[in-house]
Amino acid sequence: MGSLLENLPPHRYRVYGLTVAAWIPFPELPPAPLDVPVDAVFRLGEVPAELPEFKTKGARFRAAPGKLLVWIDTVARYLVRDGNEIIIQPMPGAEDNDLRELLLCSPMGALLHQRGLLPLHASAIATPQGAVVFMAHSGRGKSTLAAHFRQRGFKILADDVAVVSFDATGRPQVAPGYPQFKLWPDSVAELGHATTGLRRFRTKMEKFLLAFPDGFQTEPLPIARLYVVEARNDLDGVTTEALSVPQKLRYLLTHTYRAQYVPGLGRAQAHFQMLSRLAATTPATRVSRPDDGRFRLDQLAEVIAGDFTS
Amino acid sequence: MKGIVWLASYPKSGNTWFRIFLANLLADQPEPVDINAVGVENFGCRPNYDRALGWESSDLTQEEIFQARLDVQEELALEKNVLFKVHESFRRQLTGTPLFSRTATRAALYFLRNPLDVVLSFSHHNGKDIDNTIARMNCSDAMMAAGRDALAPQLPQPTGDWSWHVRSWLDEPGLPVMALRYEDMLARPQEVFRAACQFAGLPSEPDRVARALAHAKFENLRAQEQARGFRESAERRPFFRQGKAGGWREVLSDEQVAAIVSAHGEVMRRFGYLNADGSLPK
């Protein structure tokens, strides 16, 4: 840790319950004071093109215990080490916006796994009952649904990645992410906004960022309920179904953010234990809507709110 | 056996029928497999792609996704008995760049169907009129799941025009590919499906093939869809509609036929959809 904490980069933020020091400003993250101990560092440096000791790999990643190399050819290589450091080597011509936004995706997911946390591919809202988590595949409406609950006056814990940990009593809780939704134009329109004036997630993508500084839940919350959100084309309306423990486990495995890194990082057993604890203690419901391109936000929200308040 | 077997076709050319047959063949059970539980997925389904990639494709630009495509296939090819349905052309028509890795490929089955019937079926599937569908089949830039304003559940899939699609797969030098005409699958199912299984290294015992074919009969598929729906239908229009050849004769106008024949006559002639003198078979 000695070398890590020397020459700390100048910018400080809070994200997923961690204080991070970054080499450039991250306007999407809530700032943190300079005198707070730092948990993790984002800094520029040389990143090797290969990780010779890798245990598992994919088309754009290599994983080894304590180390993850992940890259996008035209943007950057990221090396994530020991849960407290992400080293970034930008490719020529890469824009800061892309370096930053991509860092908060896969590299951040690896860092969270390395720290023994459980990142879910999910959004999470704060309710009087506790945190309510929406797990879904990309494009299935988890961000849109959370943004809709925001419009209904609920505070938001996280969009896209919801980080679960266990408090001192073993109760599962969700840590605050950062106050920004990533939304496609159809979702922006569905929420009654225009994309005009919204910042783009990536310079060359039609995916927009909707910040919600006022609606952000800044303290962790115990989890009240998990939802799996699906679209199916054999349905006429919105349906709900309580999930059994084995079903919960299967969905938690499917919707673990960057689950493909876990075995190579040497965290398979610890990860499975967390999923088992979460599945054993937390009720979960599958919510399905017809797959016909309509969000049915009001109807979904009514059904879900009726469920988590019951 | 390692390496991917591609079930490749232009849309609405018998690919799904073969996949359901295959699910029944592999399950080898006394009862038909549920049409909504067919294991072989489209390569463009994001969850598979993202798992092998290590990123969420919804966070990447279309260009970044295309750049990683062959590497993703080579990762998936390391797993055992991998089959994927695909609607992309083998090479992208606009650029000539390959969309499939030869290293990752064990074999390809290529399904093709008279484009005059494809027009009917495709226009019904998409809920678009015939002329719109003809324009799409004649368009070198055509792309499935291109979604710009919304995230499509599948990755963008360039098809190119119909003739390009056929030739890109069947004329790719050295590619281990077998062509299967939909019309032959209908006319001589046992022989054609069995030959395809043998080519792709799949189980091909005659009784087993016959049983899987019986379970995948058109009437059974339509009955299952009517009773419980089919997850691959678009906006709940029936997916299993007619399952026959030659329906175009009752629907297409002379102008519509001419628009297809003038764009695709050469490939149609090669596969018996047009006589040598350019006339339409009776």
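Throughout, residues of each chain are indexed from 1 in the direction in which the sequence is written. For naming, the first written chain is A and the first written ligand is 1, with later ones following in the order written. In view of the model being predicted, local features appear only for residues whose pLDDT reaches at least 70, and side-chain atom pairs are presented and counted only at 80 or more, with totals across whole chains, interfaces and linings using the full set of residues.

A separate point is the overall build of chain B. The helix count covers DSSP runs of H or I at least four residues long, the strand count covers runs of E at least two residues long, and both are numbered beginning at the N terminus. Each helix and strand in chain B was counted, giving 11 helices and seven strands. The C-alpha atoms of chain B give a radius of gyration of 18 Å, which matches the 19 Å a tight globule of 282 residues would have. With the C-alpha coordinates of chain B rotated into their principal frame, the extents come out at 50 × 45 × 40 Å. Burial status across chain B gives 45% buried among its 282 residues. For the purpose of contact definition, each residue receives a C-beta atom placed from its backbone, and two residues are in contact when these atoms lie within 7 Å. Across chain B, the fraction of contacts at a sequence separation of at least 24, relative to all contacts at a separation of at least 6, is 68%. In this setup the radius of gyration rests on C-alpha atoms only. A globule is expected at 2.2 Å times the number of residues raised to 0.38. Any residue surrounded by 20 or more other C-beta atoms within 10 Å of its C-beta is treated as buried, while 12 or fewer makes it exposed and the intermediate range makes it partly exposed; C-beta atoms here are placed from the backbone.

Across chain B, the average pLDDT comes to 92, with 99% of residues at or above 70. For this predicted complex, the interface confidence score (ipTM) comes to 0.93, while the overall pTM stands at 0.92. Scored from 0 to 100, pLDDT records how confident the predictor is in each individual residue.

What follows is about the sheet that holds strand E2 (residues 18-22) of chain A. Residue and element names in this part refer to chain A. One open sheet holds the eight strands; their spatial order is E1-E2-E3-E8-E7-E6-E5-E4, and the pairing between them is mixed. Each end of this open sheet is capped by a strand with a single partner; those strands are strand E1 (11-15) and strand E4 (56-58). Neighbouring strand axes in the sheet, compared pairwise and without regard to direction, differ in orientation by 15° on average. One bridge is not enough; two strands pair if DSSP finds at least two bridges between them. Bridge analysis of E1 against E2 gives five bridges, and the strand direction is antiparallel. Bridged to Arg14 within E2 is Thr19. The axes are straight lines fitted to the C-alpha atoms, using for helices just the contacting stretch, and the angles between their N-to-C directions are given from 0 to 180°. Helix H2 (residues 96-103) rests against strand E3 (40-44), strand E6 (67-72), strand E7 (76-81) and strand E8 (85-90) of the sheet, and its axis sits at about 150° to E8.

So, about the nonpolar core. Ranked by internal contacts, the top residues of the largest apolar core, which has 162 residues, are Val133, Ala162 and Val174 of chain A. Ranked by residue count, the leading element in this core is helix H1 (residues 15-27) of chain B, at seven residues. Domain limits in this description derive from either an automatic procedure or a database domain assignment. Counting contributing residues, this core receives three or more from each of domain 1 (2-114) and domain 2 (118-309) of chain A. Contacts of Ala162 of chain A, omitting those with residues within four sequence positions, involve Leu120, Ala122, Ser123, Ala124, Val133, Leu157, Val174 and Gly177 of chain A. Nonpolar cores are identified as sets of buried Ala, Val, Leu, Ile, Met, Phe, Trp, Tyr and Cys residues joined via C-beta atoms within 7 Å.

Glancing now at the sheet that holds strand E15 (residues 199-200) of chain A. Residue and element names in this part refer to chain A. Ordered by their spatial adjacency, three strands build an open sheet running E14-E16-E15, and the pairing between neighbours is antiparallel. Looking at the sheet topology across the chains shown, the edges are occupied by strand E14 (180-183) and E15. As defined by bridge partners, E15 adjoins strand E16 (residues 208-211) across two bridges and the pair is classed as antiparallel. Across the sheet, Arg199 pairs through a bridge with Leu209, a residue of E16.

A few words on the interface of chain A and chain B. Taken together, the contacts link 26 residues of chain A with 31 residues of chain B. Secondary structure elements with two or more residues in the side of chain A that touches chain B: E6 and helix H5 (185-190) of chain A. Of the residues belonging to the side of chain A that touches chain B, the class tally is nine nonpolar, eight polar and nine charged. Each residue gets one label: Ala, Val, Leu, Ile, Met, Phe, Trp, Tyr, Cys and Pro are nonpolar, Asp, Glu, Lys and Arg are charged, and the others, such as Gly, are polar.

A few words now on helix H4 (residues 142-151) of chain A. Since one α-helical turn is 3.6 residues long, residues separated by three or four positions face the same way. Residues and elements named next belong to chain A. In terms of burial, H4 is a largely internal element, nine of the 10 residues being buried. Buried residues of H4: Lys142, Ser143, Thr144, Leu145, Ala146, Ala147, His148, Phe149 and Arg150, and no others. Phi turns positive, to about 100°, at Gly153, one or two residues after H4.

On to the packing of helix H5 (residues 130-137) of chain B against helix H11 (residues 254-270) of chain B, then. The relative placement of two packed helices comes down to the angle between their axes together with the axis-to-axis distance. All names here are of chain B. Between H5 and H11, the least distance of the axes is 10 Å, while the angle of their chain directions is 5°. Looking at the two axes, H5 sits roughly parallel to H11. Of the residues in H11, those in contact with Ile130, Asp131 and Ile134 of H5 are Gln256, Ala259 and Ile260. Residue composition of the contact of H5 with H11, by class: four nonpolar, one polar and one charged. An angle below 35 degrees is treated as roughly parallel, one above 145 as roughly antiparallel, one from 65 to 115 as roughly perpendicular, and anything else as oblique.

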